[in-house]
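Examination of the molecular architecture
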Amino acid sequence: TGMTEMSRQVQALLEEKASAEADVPALTEKKKKSDSMNADMIDQIAALKERLSSSDANVLILNEEKDALCQQNTSLESNIAKMSHQVQALLEEKASAEAD
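Residues numbered from 1 in each chain as written. Predicted model: local features only at pLDDT ≥ 70, side-chain atom pairs only at ≥ 80, totals over all residues. Heavy atoms only, no water.

1. Quick look at the overall build of the protein
Our working rule: Numbering of helices and strands runs from the N terminus; a helix is a DSSP stretch of H or I covering at least four residues, while a strand is a stretch of E covering at least two. Radius of gyration here uses only the C-alpha atoms, and the compact-globule reference equals 2.2 Å multiplied by the residue count raised to the power 0.38. Whether a residue is buried, partly exposed or exposed follows from its accessible area with a 1.4 Å probe, protein chains only, as a fraction of its type maximum: under 20%, in between, or over 50%, in that order. By the counting rule applied here, Lys and Arg register as positive and Asp and Glu as negative, while His and the ends of each chain are not counted. To locate a charge, take atom NZ for lysine, CZ for arginine, CG for aspartate or CD for glutamate.
For the protein, the helix and strand inventory stands at one helix and zero strands. By the compact-globule yardstick of 13 Å for 100 residues, the protein is too spread out, its C-alpha radius of gyration being 42 Å. Dimensions of the protein, computed from the C-alpha atoms along their principal axes, are close to 140 × 20 × 10 Å. Relative to its full complement of 100 residues, the protein shows a buried share of 0%. Of note, the protein has its 11 positive side-chain charges centred 12 Å away from the centre of its 19 negative side-chain charges.

2. Considerations on the environment of Ala 39
The residue Ala 39 is located in helix α1 (residues 2–99) in this model. You can call Ala 39 partly exposed: its relative accessible area is 36%. Residues Ala 39 and Lys 82, spaced 43 residues apart in sequence, show a C-alpha to C-alpha distance of 64 Å.

3. Re the pattern of salt bridges
Rule in force here: Salt bridges are identified by distance alone: a Lys or Arg side-chain nitrogen within 4 Å of an Asp or Glu carboxyl oxygen.
Evaluation of the coordinates by the stated rule reveals four salt bridges. For Lys 17, the salt bridge is made with Glu 21, and the minimal N-O distance between the two is 3.6 Å. Here Glu 21 and Lys 17 lie together in helix α1, a separation of four residues that amounts to about one turn. Using a relative accessible area of 47% as the deciding quantity, one classes Glu 21 as partly exposed. A salt bridge links Glu 98 to Lys 94, with the shortest nitrogen-to-oxygen separation between them at 4.0 Å. Taken together, the residues Glu 98 and Lys 94, both in helix α1 and four residues apart, mark about one turn of the helix. Given the relative accessible area of 58%, Glu 98 is considered exposed.

4. What about α1?
What counts, and what does not: Here the expected span of a helix is defined as 1.5 Å times the quantity of residues minus one. By definition, a residue's bend is the angle between the axes fitted to the seven residues ending there and the seven starting there.
With 98 residues, α1 should reach 146 Å at 1.5 Å per residue; the first-to-last C-alpha distance of 137 Å fits that figure. Along α1, the sharpest kink reaches roughly 30 degrees, centred on Val 24 and followed within four residues by the proline Pro 25.

5. Comments concerning the environment of Ser 96
Note that Ser 96 resides in helix α1. Since its relative accessible area comes to 41%, Ser 96 is described here as partly exposed. Taking the C-alpha atoms as reference points, Ser 96 and Gln 72, separated by 24 residues in sequence, lie 36 Å from one another.

Here you go:
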């Protein structure tokens, strides 16, 4: 009876081993697919990081252009104010000359 029990246990272990070995190809294929998906995701992340870096660079360039335009605008406003004063001075000179 002890030998029969051991024989049953050995048989059960052999069946478990066979079942586990039968699962190996499917698990190997699953792992290959998972590795492939991971590689694809890594590539996608790299592409997104590159796009983000490019976008960041574009934002910096646009900010520099905006700053330059703001400086130009300030300069133009200053020039307009100067010209307005000059026009006012000329109008006053003209009025004074006409009064004489």
